[in-house]
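Residue-level structural notes
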Amino acid sequence: MTKRKFGLALSVVLAAGTLLGACGSKDDSSKGDKESKEKNFSIAMVTDLGGIDDKSFNQSAWEGIQKFGKDNALEKGNGGYEYLASKSSSDYNVNLNSLVRRDFNLIFGVGYLMEDSIKEVASQKPKTNFSIIDGKVDAPNVASILFKEQEGAFLAGVAAASVTKSNKIGFVGGIDIPVINRFHAGFVEGVKAVNPDIKVDAVYTGAFDKAELGKTTANRMYTSGVDVIFHAAGATGNGVFTEAKERKTKDANANVWVIGVDADQYKEGQVNDKTNVTLTSVMKRVDIAVQDVAKKAKEDKFPGGEILTYGLSDNGMALADSHGAITDDVMKKIDDYAKQIADGKIKVPEKVEK
Amino acid sequence: MPKKLTTILVPVISVILGLLVGAIVMLVSGYDPVEGYLALWEGIFGDVYTLGGTVRQITPYVLAGLAVAFAFRTGLFNIGVEGQLIMGWLAAAYVGYAFDLPAIIHLPLAILAAAVAGALWAFIPGLLKAKLQVHEVIVTIMMNYIALHVSNAIIKSLTDGGEKTPAIHESASLRSAFLDNLTEYSRMHYGFVIALIMVVIMWFILERTKRGFELKAVGFNQNASEYAGMNVNKNIILAMVISGAFAGLAGAMEALGTFGNVSVIGGFTGIGFDGIAVALLGANAPLGVLLGATLFGSLKFGALNMPNVGIPVEIVSIIIALVIFFVASGYIIRVFLERMSKKKEAK
């Protein structure tokens, strides 16, 4: 018995040894080209758990970075632009450190979940500039990017309240945090502005990466008569789209709509050539913010230690093209509200009144 | 074929096979396998920073693996390590920030709190199994979900709706400026010492104490143990409690070492479930668990470096899973080798 165990133990050691030994011999070749790359202004980002193709937040940031890269003739990889995806919260620091070690000049942490990690790594690596999206980190080499989500969501609320036939509207949130609360509050406020009698059925799923949760929640809502759902739940919201599309496939006359979030999610709602369940999307132009900060940093005007807030007035928030789902008079109403908010005539609350 | 040669050949072949299939996956999806494995190697042993990170990654795996292995030895399948880990994490973080004590009391207290929390969480399935014969697999799985959401709810109520607890005090932290400087902020912490001590403790309990003998006996055959005059129920509960304590300690590693707080999480950490694989890789023996965790942790941490050469995380996950798959299925290769040598002898 003991002998066998020892044998097994030994074998695992050897297994590890061989595995590593097999790769060891070619160790020297990779180091040379790191230094030969010319010095550009380089930017990179670390995703949160949603992943780079979450069709919303991370993706939008990555699009901004790609755009910046193209505008400045950068290439993907060292010295250009890059992203690293995180699979668990313990990966944030590791990924941030990886990018610092690869000498990127400006590194974005996408999502409030990365606040602690950015704070920690930024204090350890004072020579690199960081930027946190949707979070606040007070450090001289960190620029914090926030959005007035409530302003965009307000317009979505107006759209939803104008389109609904059942006077039942749903909201599917991710984790119950200030960012999502702002979406929630603005949306409720927008609905109220059109029809104070409509009650918004709001659910926080507690996750940004669980499409199945989004689907079951949407199923429950649509079954209860809700006909428009606004989701602010990252990849969880993909499940809302799935549910709406399934209903539309089964019954072409089903009155179900989804309002997307963060990026233009029109493609998500495509059922077939003619039908689409996406009413519109509350676009949080993370890409614009990312490019703005990157541009400033490149010109040596990095807003370190500052908190930058993007809203309707500076195109940081916007409603996506509805592709005809919203009629022109409703559009006019929305534009009118948008103008009043941008001018500061309407102040949209950040928290839901209870 | 001599036995010793087989013992060496089996793992070597299984790792090579794993790497080969992994290389094929990379080739098929259009990535350079040499570059990929080079990045994996660099990600594990590249320099002091990655080494520190590797050790950090291994630490909770050791403890989670011990937790599963200990229960296994008593004939129990503790799938609830994940939940016990979460409760341990929460308890350690709470003690870490809520109390203000000198380090010599604070740190051990926080670690102890984690062990107790994990043990309590495992006590429930142990009790149900012993008294009512409720299968521990079902109970522990469900306790995982309960732990996840209870922990989230407690964090929210502790912080008035916040999503994470304040950072623990310095006096409860396992991290040190020394290790930070040495490993270039890899977040490596002194938890590895605790993990190593626990490996010895588990070995000692199982191999050198009367209680350990009883626990193992219950694992081999409950009826025989009962006829021999052992209290089977008591041993089942005890085994779960000790197993849970190990799991709780794994949580303490995250609370007091890696993260320094506990935050609301949407899903499981996965460490507890990986612990099952670690325990099985290590044949449920303390030293085996240590080696299994080393392999598992190294691969997991090294893999984080592979996206740095452009290989997407999804492909990386497949490759790492393949390597572990082949290492774990070494038995197949063993049988194959034995057949081969038998054929030769017959000739």
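Residues numbered from 1 in each chain as written. Chains lettered and ligands numbered in written order. Predicted model: local features only at pLDDT ≥ 70, side-chain atom pairs only at ≥ 80, totals over all residues. Heavy atoms only, no water.

Chain B appears in an unreviewed UniProt entry as ABC transporter permease from Viridibacillus soli. Under Subcellular location (unreviewed entry), UniProt gives the following word-for-word description of chain B: "Cell membrane". (UniProt positions renumbered as here; feature names shortened; annotations may be inferred.)

Looking up chain A in an unreviewed UniProt entry gives the name BMP family protein, with the organism given as Viridibacillus soli. We quote the UniProt Sequence similarities (unreviewed entry) comment for chain A here in full: "Belongs to the BMP lipoprotein family." The UniProt entry for chain A carries this comment under Subcellular location (unreviewed entry): "Cell membrane".

This next bit is on the overall build of chain B. The helix and strand inventory of chain B stands at 15 helices and zero strands. The C-alpha radius of gyration computed for chain B amounts to 21 Å, which stays within 12% of the reference 20 Å derived for 347 residues, consistent with globular compactness. For the C-alpha atoms alone, the extent of chain B along its principal axes is close to 70 × 60 × 35 Å. Out of the 347 residues belonging to chain B, those deemed buried represent 58%. (Helix = DSSP H or I, 4+ residues; strand = E, 2+ residues; numbered from the N terminus. Rg over C-alpha atoms; globule rule 2.2 N^0.38 Å. Buried < 20%, exposed > 50% of the residue type's maximum accessible area, 1.4 Å probe, protein only.)

Counting secondary structure elements, chain A contains 11 helices and 12 strands. Taken over 354 residues, chain A has a buried fraction of 56%. In chain A, of all internal contacts separated by at least 6 residues, the share reaching a separation of at least 24 is 68%. Taken as a whole, chain A presents about 15,400 Å² of accessible surface, with 49% of it coming from carbon and sulfur. (Contact = heavy atoms within 4.5 Å. Areas by Shrake-Rupley, 256 points an atom, 1.4 Å probe, with all protein chains shown as cover.)

This next bit is on helix H13 (residues 286-303) of chain B. Taking 1.5 Å of rise per residue, 18 residues should cover 26 Å, and H13 of chain B covers 25 Å from first to last C-alpha, within 8% of that figure. Burial within H13 of chain B is extensive, with 15 of its 18 residues counted as buried. (Expected span 1.5 Å × (residues − 1).)

Another point: the confidence of the model for chain B. Averaged over all residues, the pLDDT of chain B equals 90, while 98% of them reach at least 70. As a predicted assembly, this complex carries a pTM of 0.81 together with an ipTM value of 0.84. (pLDDT = per-residue confidence, 0-100.)

The next thing to look at is the environment of Asp116 of chain A. Its place among the elements puts Asp116 of chain A in helix H5 (residues 115-124). Here the alpha-carbon distance between Asp116 of chain A and Tyr92 of chain A, two residues 24 residues apart in the chain, equals 9.3 Å. Leave out the neighbours within four places in its chain, and Asp116 of chain A touches Lys164 and Asn261 of chain B.

Residue and element names in this part refer to chain A. According to the domain assignment, chain A contains domain 1 (39-147 + 288-296 + 303-309) and domain 2 (149-283 + 324-342). Taking only C-alpha atoms, the centre of domain 1 and the centre of domain 2 are 29 Å apart. Contact residues are listed per partner, giving 10 residues for domain 1 and 15 residues for domain 2. Between domain 1 and domain 2, a total of about 1,000 Å² is buried, with carbon and sulfur atoms accounting for 55% of that surface. The tally of links between domain 1 and domain 2 comes to two residue pairs in polar contact (both at pLDDT 80 or more). Within the side of domain 1 that touches domain 2, the residues separate by chemical class into five nonpolar, two polar and three charged. (Domains from an automatic or database assignment. Buried area = accessible area lost by both parts, 1.4 Å probe. Polar contact = N/O pair within 3.5 Å; in protein donor to acceptor, adjacent residues only side chain to side chain. Nonpolar A, V, L, I, M, F, W, Y, C, P; charged D, E, K, R; others polar.)

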